[in-house]
Amino acid sequence: MSRETLVLVSLISSCLWSLVQGEDPYLYFTWNITYGTLSPLGVPQQVILINGEFPGPNINCTSNNNIVVNVFNNIDEPFLLTWKGIQQRKNSWQDGMVGTNCPISPGTNYTYHFQVKDQIGTYFYYPSTSVHRAAGGFGGLRVHSRPLIPVPFPNPEDEYTVLIGDWYIKSHSALRKILDSGRSIRRPDGVIINGKNAKMDGKDEPMYTMKPGMVYRYRVCNVGMKNTLNFRIQGHKMKLVEMEGSHTVQNVYDSMDVHLGQCMSLLVTADQDPQDYYMVASTRFTKYHLQGAAIFRYTDGKGPASPAIPPGPTGWAWSLNQFRTFRWNLTASAARPNPQGSYHYGKINVTRTIKLANSHGVVEGKLRYAVNGVSHTDTATPLKLAEYFGAAEKVFKYDSIGDEPPAEDKIKVVPNVVNATFRNFIEIILENTEKGVQSWHLNGYAFFPVAIETGKWSPEKRRNYNLLDAVSRYTIQVYPKSWAAIMTSFDNPGMWSLRSMALERHYLGQQLYISVVSPARSLRDEYNIPDDATLCGVVKGLPKPPPYGI
């Protein structure tokens, strides 16, 4: 079957589905994944392109839109995309993680189909297979408000996606070989902004332009692999208005620490002299200093950007204090997380507390990272498929870890799956005993980060929790020798990844999956497996189980 025929079949199937379901509007995308040669840091290297673009195309959509992305994999390795921060309500089939989906084989395609629901905010997508993120394949995803749902600030003159991240000159295959050999990939080579780094020689072309006196929305995401980055703009203040799908109290900042995987919206007013200015992203909490820059230009600007770059902050206590200023805007009509009743999360009884500690060590001569002494390894059969087809016992065991970190330092390498109870309200304590900053992301859910503190957690620390207006979000940092507490309701059935956003740590095992199963097996709780779902591993060729009923 030709590629054109596959596209036509996909579009017809999606249109018929829309007519039958009477659903919200559909947006269709066809993406071609290829290799290309670019020089993000001035050195030619292989990168992953989407429709010839690096970074990939922006997805601009509106809440409750249905997104259909037909992905053709034309690189030489299996490939998947995950939609970072999009909750995938009742639909972990479209999550795009190795634990939920069979990778797209070279020369084939797969069509993602998901709905963004009421998740008004800033997100991004990126490759979840291997270490492909080190080659690109990422892009921005914006979810706008429907006209009837006002946002708590005037419409900006324009919106700009700003994808910042550290970058390696080595190819993704070279980096993978280093990790597979049991070594660390060490420090990155530089920082890029939207795939580029200004030479700062007075000849850089502007990435964006602004009209004097107008307000612009900068959607900033850290899509990097290792480092927290500090983002700032020469001579301009930044007003924080949204963070990972939640509107915030609108504080003004000189600079923002953006941890791995985190996204935020910043309003910037063009209120300075009309000329060029630098946007800057620089590494934090490291002995080395790496910096990326990009130009934005005032229309009719009359001068080059000053070479005097504003310095970033020092010390992680500054960053912790900045985190404590983030508050949920409780007067905004959107964005709000699901479930709707979790607005008053501080009044919900906690039914389970899980303490998770990251660690690292050497297993059979190779570096591994772990959670509670277990270093996750991916399986040939996606965990979700194994569970759905009743073949879990052939692929993994539930609860390889307990709810407390083990006393011994040993690390075992097995699939790491935690069995959770549907609709339980959970407290998760993330403990960081190491010297570096950690960044964690949970798929499928928004959670409330109620506290980050130094030292060790104890039940008495709950007295310091913010049980009123913690910003509902999907990613949280944990500072050195510190802990973070998050709360969420496991009301979204599926197999969901909780993982380190550091590429090296994720690839080498700092990850677990949370299995949430609805006993009712009802369409009210979870969608049926898609008709076009790829089957692989031990479930390949098996008949599909009876579909869920209403």
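As a reminder, the structure under discussion sits directly above these lines.
Not measured: the values here are computed from a predicted model. (Residues numbered from 1 in each chain as written. Predicted model: local features only at pLDDT ≥ 70, side-chain atom pairs only at ≥ 80, totals over all residues. Heavy atoms only, no water.)

A few points about the state of the cysteines
- Going through the model one piece at a time under the given rule, you end up with two disulfides.
- One disulfide in the model links Cys221 with Cys263; its S-S distance is 2.1 Å. Here the disulfide of Cys221 and Cys263 is right-handed, its torsion about the S-S bond being about 115 degrees. With Cys221 in strand E12 (residues 215-222) and Cys263 in strand E18 (residues 263-269), this pair connects stretches of sequence that are 42 residues apart.
- Look at Cys263 and you get buried, because its relative accessible area is 1%. (Disulfide = S-S within 2.5 Å. Helix = DSSP H or I, 4+ residues; strand = E, 2+ residues; numbered from the N terminus. Buried < 20%, exposed > 50% of the residue type's maximum accessible area, 1.4 Å probe, protein only.)

Some thoughts on the environment of Asn194
- With respect to the helices and strands, Asn194 occurs in the loop between strand E10 (190-193) and strand E11 (208-210).
- Judged by its relative accessible area of 12%, Asn194 falls in the buried class.
- The spatial distance from the C-alpha of Asn194 to the C-alpha of Phe138 is 9.9 Å, given a sequence separation of 56 residues.
- Asn194 has contacts with Phe54, Pro55, Thr161, Val162, Leu163, Met207 and Tyr208, leaving out every residue within four places of it along the chain.
- Side-chain polar atoms of Asn194 contact the backbone oxygen of Thr161, separated by 3.0 Å. (Contact = heavy atoms within 4.5 Å. Polar contact = N/O pair within 3.5 Å; in protein donor to acceptor, adjacent residues only side chain to side chain.)

So, the pairing of strand E26 (residues 425-432)
- Within E26, eight of the eight residues are buried, leaving the element largely enclosed by the surrounding structure.
- With burial as the criterion, each face of E26 is covered, one bearing Phe425, Glu427, Ile429 and Glu431 and the other bearing Ile426, Ile428, Leu430 and Asn432.
- Where strand E21 (residues 352-363) lies against E26, six bridges are found, and the strand directions are parallel. Looking across to E26, one finds that Arg352 is bridged to Ile426.
- With eight bridges joining them, E26 and strand E30 (residues 482-489) adopt antiparallel strand pairing. Counted as the bridge partner of Ile426 is Thr488 from E30. (Pairing = 2+ DSSP bridges.)

A few points about the sheet that holds strand E6 (residues 109-115)
- Spatially, E2-E1-E4-E6 is the arrangement adopted by the four strands of the open sheet, whose pairing is mixed. Each of the sheet's edge strands pairs with one partner strand only, and the pair in question is strand E2 (45-50) and E6. Neighbour-to-neighbour, the strand axes of the sheet open up by a mean angle of 20 degrees, direction not taken into account.
- The pairing of strand E1 (residues 26-38) with E2 spans six bridges and is antiparallel. Looking at the pairing, Tyr35 lines up with Ile48 of E2. (Axes fitted to C-alpha atoms, helices over the stretch in contact; angles between N-to-C directions.)

Details of unusual backbone geometry
- In the segment running from Phe54 into Pro55, the intervening peptide bond is cis, with an omega of -10 degrees.
- Residue position: Pro55 is located in the loop between E2 and strand E3 (59-62).
- At Arg186, a residue that is not glycine, the phi angle is positive and equals roughly 60 degrees.
- With respect to the helices and strands, the residue Arg186 is situated in the loop between helix H2 (172-180) and E10.

Some details on the nonpolar core
- Within the largest apolar cluster, 75 residues are counted, with the highest numbers of intra-cluster contacts made by Tyr218 and Phe231.
- Setting aside chain neighbours within four positions, we find Tyr218 in contact with Tyr160, Val162, Tyr208, Met210, Met264, Ser265, Leu266, Val268, Met279 and Phe296.
- Cys61, Ile75, Phe114 and Ala446 belong to the second largest nonpolar core, which has 28 residues in total. (Core = buried A, V, L, I, M, F, W, Y, C linked by side-chain atoms within 4.5 Å.)

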